[in-house]
Amino acid sequence: MASTSAEIIAFLLTISGWVLVSSTLPTDYWKVSTIDGTVITTATFWANLWKTCVTDSTGVSNCKDFPSMLALDGYIQACRGLMISAVCLGFFGAIFGLVGMKCTKVGGSDQTKAKIACLAGLIFILSGLCSMTSCSLYANRITSEFFDPSFVAQKYELGAALFIGWAGASLCIIGGSIFCFSIAENSNSPRRGYAYNGATSVMSSCTKVHNSVPDKTPPKHFDKNAYV
């Protein structure tokens, strides 16, 4: 019962993390920068993995998509690939997680389901690591440019999408670890043993039965004249 509850908790954690990671991919604010006037913010610059935009004080946004994938910086291409891989791995991990849970009717025996659940946990951990690496790589580029005194272009700060990605990656890793422990709990469950007495032949079994039946023949009494 405890193992089933742990698997349900792990499934909820991993699905929540996968949803957060998936929502991070199209989110606008991966990095953001503002230009403040004397009274109000005059402009807000923000960018994500697909475009860069500027929003003025009236709320009108002017966006520009990245012109060519091959002309992009290497870190943006790497972040795109890692985030797409994280979303795909989370999808397959959710399918294997459903099949491997003990509360479902598919997947075979308990040992087979435990192996499938462990596989789902490994997939979710890999998905979380991909998302964590992508967000950390993007954040490292932002912070290195922000603290670089020789960098004269527009400096940005960390956006909300990075924190959502880190949270989703953490949930995927935690839930995947719980799934992996399910196979260890299944292997430690006690098994019933049966004693093997060896093969017995038909003749030996018949002999045992014959010897076990008591002899009910009445004793014979002889007279003394019988011996003469």
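Rules used in this analysis
Residues numbered from 1 in each chain as written. Predicted model: local features only at pLDDT ≥ 70, side-chain atom pairs only at ≥ 80, totals over all residues. Heavy atoms only, no water. Helix = DSSP H or I, 4+ residues; strand = E, 2+ residues; numbered from the N terminus. Buried < 20%, exposed > 50% of the residue type's maximum accessible area, 1.4 Å probe, protein only. Contact = heavy atoms within 4.5 Å. Areas by Shrake-Rupley, 256 points an atom, 1.4 Å probe, with all protein chains shown as cover. Pairing = 2+ DSSP bridges. Disulfide = S-S within 2.5 Å. pLDDT = per-residue confidence, 0-100. Core = buried A, V, L, I, M, F, W, Y, C linked by side-chain atoms within 4.5 Å. Patch = residues over 30% accessible without salt bridge, like charges linked within 9 Å, V, L, I, M, F, W, Y side chains within 5 Å. Salt bridge = Lys/Arg side-chain N within 4 Å of Asp/Glu carboxyl O.

1. As for the overall build of the protein
Summing up its helical and strand segments, the protein has five helices and five strands in all. For the protein, the succession of helices and strands along the chain, N to C, is α-β-β-β-β-α-α-β-α-α. Counting every position in the protein, which comprises 228 residues, the buried fraction comes to 30%. Within the protein, residue pairs in contact and separated by at least 24 positions form 63% of the contacts whose partners lie at least 6 positions apart. Carbon together with sulfur atoms contributes 65% to the accessible area of the protein, which is approximately 14400 Å² in total.

2. Side note on the pairing of strand β4 (residues 61-65)
Counted residue by residue, β4 has zero buried out of five residues, so it is predominantly exposed. Sheet topology places strand β3 (residues 51-56) next to β4; five bridges connect them, and they run antiparallel. When the bridges of β4 are listed, T52 appears paired with K64. Between β3 and β4, which follow one another and run antiparallel, lie four residues, and G59 among them has a positive phi close to 90°.

3. Describing the state of the cysteines
With the rule as written, the count across this model stands at one disulfide. With its sulfur 2.0 Å from that of its partner, C53 forms a disulfide with C63. Given an S-S torsion of about 115°, the disulfide between C53 and C63 has right-handed geometry. Of this pair, C53 sits in strand β3 while C63 sits in strand β4, and the two are ten residues apart along the sequence. C53 gets classed as buried once you look at its relative accessible area, which sits at 2%. Of the residues examined, C63 reaches a relative accessible area of 36% and is grouped as partly exposed. Of all cysteine sulfurs in the structure, the one in C79 sits closest to C135, which takes part in no disulfide; the separation is 7.7 Å. On the basis of relative accessibility, which here comes to 0%, the residue C135 falls in the buried class.

4. Remarks on the confidence of the model for the protein
Per-residue confidence for the protein gives a mean pLDDT of 80; residues scoring 70 or more make up 77%. For the protein, per-element mean pLDDT is lowest for helix α5 (residues 202-212), which scores 48, and highest for helix α2 (residues 74-100), which scores 92. The low-confidence segment residues 190-196 (pLDDT under 50) makes one contact with residues lying over four places distant or belonging to another chain. Low pLDDT, under 50, characterises residues 198-206; the stretch is placed with one contact to residues that sit more than four places away or in other chains.

5. Remarks on the environment of A139
Structurally, A139 is set in helix α3 (residues 110-146). Distance from A139 to L162, taken between C-alpha atoms, is 7.4 Å for residues 23 residues apart in sequence.

6. Some details on the nonpolar core
Counting residues in each nonpolar core, the largest one holds 20 residues, and the members touching the most others are V21, W30, L49, M83, Y138, I142 and L162. Apart from residues no more than four positions distant in its own chain, L162 is found in contact with W30, C135, Y138, A139 and I142. If you look at the next biggest cluster of nonpolar residues, it comprises five residues, including F11, M101, A117 and F179.

7. Remarks on the side chain of T14
When you line up the elements, T14 lands in helix α1 (residues 2-24). On the basis of relative accessible area, T14 is assigned to the buried category, the value being 0%. For T14, the residues in contact, after removing those within four places along its chain, are F124, L171, C172, G175, G176 and F179.

8. Observations regarding a nonpolar patch on the surface
Taken together, the side chains of F91, F92, I95, F96 and L119 make up a nonpolar region of the molecular surface, amounting to roughly 440 Å² of accessible area. It is α2 that provides the largest number of residues to the nonpolar patch, a total of four residues. Summarising the element assignment, F92 is placed in helix α2.

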